[in-house]
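Now for the letters of each chain:
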Amino acid sequence: MDVNERIKAVLAEHAIVLFMKGTPQFPMCGFSSRAAQALTEAGAQFHAVNVLADPEVRAALPHYANWPTFPQLFIQGELIGGCDIVEDLKASGELARMAADVEGADS
């Protein structure tokens, strides 16, 4: 399976995916930490992918998503954006609504 297929498989398997540097418990950059925290505070159940542990994904994802930096949040396979967008969505209440919509669709 090539790296783009692996990315697609992760996105198909999990409704909310945060590609980040490190893990939510041990983030390796401030932006990844803030995005994971915003998701947690919004009540989102999300799958995190540590791009530092997978150099192929780290190299391929900016081209796949047409987004140059990490973290990258995907909801239902669609790129939402990076840290600033995630924080703006949380501040407006939209992130919690989006997470609730996804969880409602899963059940």
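Residues numbered from 1 in each chain as written. Predicted model: local features only at pLDDT ≥ 70, side-chain atom pairs only at ≥ 80, totals over all residues. Heavy atoms only, no water.

### A look at the UniProt feature "binding site: glutathione" (unreviewed entry) in the chain
Link 1 in the chain: The sites that carry the UniProt feature "binding site: glutathione" (unreviewed entry) are, in the present numbering, Lys-21, Arg-58, Phe-70, Cys-83 and Asp-84.
Link 2 in the chain: Looking at the element boundaries, Arg-58 is found in helix H3 (residues 55-65).
Link 3 in the chain: The class for Arg-58 is partly exposed, based on a relative accessible area of 37%.
Link 4 in the chain: Among residues more than four places away in sequence, those in contact with Arg-58 are Lys-21, Val-51, Leu-52 and Phe-70.
Link 5 in the chain: On the secondary structure map, Asp-84 appears in helix H4 (residues 83-92). (UniProt positions renumbered as here; feature names shortened; annotations may be inferred. Helix = DSSP H or I, 4+ residues; strand = E, 2+ residues; numbered from the N terminus. Buried < 20%, exposed > 50% of the residue type's maximum accessible area, 1.4 Å probe, protein only. Contact = heavy atoms within 4.5 Å.)

### With respect to the side chain of Ser-32
Link 1 in the chain: Turning to its location among the elements, Ser-32 is positioned in helix H2 (residues 30-41).
Link 2 in the chain: Excluding anything up to four places from it in sequence, Ser-32 contacts Met-20, Lys-21, Pro-27 and Pro-71.

### Thoughts on the UniProt feature "binding site: [2Fe-2S] cluster" (unreviewed entry) in the chain
Link 1 in the chain: As recorded in UniProt, the feature "binding site: [2Fe-2S] cluster" (unreviewed entry) lies at Cys-29.
Link 2 in the chain: Following the sequence through the fold, Cys-29 ends up in the loop between strand E1 (16-20) and H2.

### Concerning H3
Link 1 in the chain: Here H3 has its buried residues at Val-57, Ala-60, Leu-61, Pro-62 and Ala-65.
Link 2 in the chain: Tucked into the core, H3 has its buried residues touching helix H1 (3-13), E1, strand E3 (72-75) and strand E4 (78-81).
Link 3 in the chain: Once H3 finishes, Asn-66 follows within two positions and takes phi at roughly 55°, a positive value.

### Digging into the pairing of E3
Within a regular strand, the side chains alternate between the two sheet faces.
Link 1 in the chain: The two faces of E3 match: Gln-72 and Phe-74 on one face and Leu-73 and Ile-75 on the other face are all buried.
Link 2 in the chain: The sheet contact formed by E1 and E3 spans four bridges and is antiparallel. Residue pairing for E3: Leu-18 is matched across the bridge by Leu-73.
Link 3 in the chain: Bridge analysis of E3 against E4 gives three bridges, and the strand direction is antiparallel. Directly across from Phe-74, in E4, lies its bridge partner Leu-79.
Link 4 in the chain: Taking the residues between adjacent antiparallel strands as the criterion, E3 and E4 are bridged by two residues, where Gln-76 takes a positive phi near 50°. (Pairing = 2+ DSSP bridges.)

### A closer look at the sheet that holds E1
Link 1 in the chain: In spatial order, the strands read E2-E1-E3-E4; together these four strands make up an open sheet with mixed pairing. The open sheet has two edge strands with one neighbour each: strand E2 (47-50) and E4. Adjacent strand axes in the sheet meet at a mean angle of 25° when their direction is disregarded.
Link 2 in the chain: Packing against the sheet, H2 makes contact with E1 and E3, and its axis sits at approximately 160° to E1.
Link 3 in the chain: In this fold H3 packs onto E1, E3 and E4, with an angle of close to 60° to the strand it touches most, E3. (Axes fitted to C-alpha atoms, helices over the stretch in contact; angles between N-to-C directions.)

### Details of the packing of H1 against H3
For any two helices packed against each other, the geometry comes down to the angle between their axes and how far apart the axes lie.
Link 1 in the chain: Relative to each other, H1 and H3 sit at 80°, their axes nearing to 9 Å. Considered as vectors, H1 and H3 are oriented roughly perpendicular to each other. Counting all contacts with H1, which are made through Val-3, Asn-4, Arg-6, Ile-7, Lys-8 and Leu-11, the residues of H3 involved are Glu-56, Val-57, Ala-60, Leu-61 and Tyr-64. (Parallel < 35°, antiparallel > 145°, perpendicular 65-115°, else oblique.)

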